[in-house]
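Here is how the chains run, residue by residue.
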Amino acid sequence: HFLAHSYENIGRHDAAADYARRYAADAPGVAHAQHMLGHVLPRQGKWREARAQFVKADGLERAYYRAEGIDPAEDWHHGHNLHLLAVVNLQLGDQAQAERYLREAFDLDERGVFAGVYAGPYVQFLLLGGRNQEALDAAARIESEPTTAAQVIGAALAGEALLALGRE
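Everything numeric in this text was worked out from a predicted model, so none of it was measured.

Conventions used here
Residues numbered from 1 in each chain as written. Predicted model: local features only at pLDDT ≥ 70, side-chain atom pairs only at ≥ 80, totals over all residues. Heavy atoms only, no water. Helix = DSSP H or I, 4+ residues; strand = E, 2+ residues; numbered from the N terminus. Rg over C-alpha atoms; globule rule 2.2 N^0.38 Å. Contact = heavy atoms within 4.5 Å. Lys, Arg positive; Asp, Glu negative; His and termini not counted. Charge placed at Lys NZ, Arg CZ, Asp CG, Glu CD. Axes fitted to C-alpha atoms, helices over the stretch in contact; angles between N-to-C directions. Parallel < 35°, antiparallel > 145°, perpendicular 65-115°, else oblique. Nonpolar A, V, L, I, M, F, W, Y, C, P; charged D, E, K, R; others polar. Core = buried A, V, L, I, M, F, W, Y, C linked by side-chain atoms within 4.5 Å. Buried < 20%, exposed > 50% of the residue type's maximum accessible area, 1.4 Å probe, protein only. Polar contact = N/O pair within 3.5 Å; in protein donor to acceptor, adjacent residues only side chain to side chain. Salt bridge = Lys/Arg side-chain N within 4 Å of Asp/Glu carboxyl O.

Chemist: Can you explain the overall build of the protein chain? Please cite residues and give values.
Modeler: Along the protein chain, the regular secondary structure elements total nine helices and zero strands. The linear arrangement of helices and strands in the protein chain, starting from the amino end, is α-α-α-α-α-α-α-α-α. In terms of overall dimensions, the protein chain is globule-like: its C-alpha atoms have a radius of gyration of 17 Å, near the 15 Å expected for 168 residues. For the protein chain, the spread of C-alpha atoms along the three principal axes comes to 50 × 35 × 30 Å. At a minimum sequence separation of 6, the contacts of the protein chain that also span at least 24 residues come to 49%. Between the averaged position of the 16 positive side-chain charges in the protein chain and that of its 23 negative side-chain charges there is a distance of 7 Å.

See the structure below:
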């Protein structure tokens, strides 16, 4: 895991993928191991393979949450994996699937320092699609969260939505 991130961060994507493949193979039932391979594959242009890894990680996460009675919002990684699933689907031209994943991340009842972090990309998606009033409404929801990070994210996105609506 550490070597995959380390090589990824210094631009040695082939080495990162090699270590991520080993991690995924050695821990086939660990969601994060599957996610890590998906994490580095786009840097090699392997978008379809990345999507398959993120889907595999998503399935493992959901099975774990069900088995253990855990709310997915309790795991910061769930929103991160959903976000990357959306990005990969956007890259592959599947906007409907991307929106589904972004909306699911938006609807997570995130807590602590991650509150609002994975909600923001859904608002950005709405803005990019010209769905400005929906974006403003969604941004207001983020801004109403109790954490400062969420309030800042929500306010910034609300400002973008207001500008897009011509309301300065």
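Chemist: Got a sec to walk through the packing of helix H6 (residues 95-107) against helix H8 (residues 132-143)? Specific residues and values, please.
Modeler: Packed helix pairs are characterised by how far apart their axes lie and by the angle those axes make with each other. Where H6 meets H8, the closest approach of the two axes is 11 Å, and the angle between their N-to-C directions is 30°. Classified by the angle their axes make, H6 and H8 are roughly parallel. Residues Arg103, Phe106 and Asp107 of H6 form the contact with H8, whose participating residues are Ala138, Arg141 and Ile142. By residue class, the composition of the contact of H6 with H8 is three nonpolar, no polar and three charged.

Chemist: Could you give an account of the nonpolar core, naming the residues involved and the relevant values?
Modeler: Among the nonpolar cores identified, the biggest contains 42 residues, and Phe106, Val123 and Ile142 are the most heavily contacted of them. Dropping the residues within four chain positions of it, phenylalanine 106 is found in contact with Tyr118, Ala119, Tyr122, Val123, Ala138, Arg141 and Ile142.

Chemist: Can you lay out the side chain of histidine 77 for me, pointing to particular residues and giving the numbers?
Modeler: Mapped onto the secondary structure, histidine 77 falls in helix H5 (residues 76-91). In terms of polar contacts, histidine 77 uses its side chain to reach the side chain of glutamate 61, at 2.7 Å. Setting aside its immediate chain neighbours within four residues, histidine 77 contacts His32, His35 and Glu61.

Chemist: Can you lay out the pattern of salt bridges for me, pointing to particular residues and giving the numbers?
Modeler: A complete count under the given rule lists eight salt bridges for this structure. In this structure, the salt-bridge partner of arginine 43 is glutamate 8, at a minimum N-O distance of 3.0 Å. Linking arginine 43 in the loop between helix H3 (31-40) and helix H4 (47-68) with glutamate 8 in helix H1 (residues 2-9), this pair joins segments that are 35 residues apart in sequence. Here arginine 43 falls in the partly exposed class, since its relative accessible area comes to 49%. On the basis of relative accessible area, glutamate 8 is assigned to the buried category, the value being 4%.

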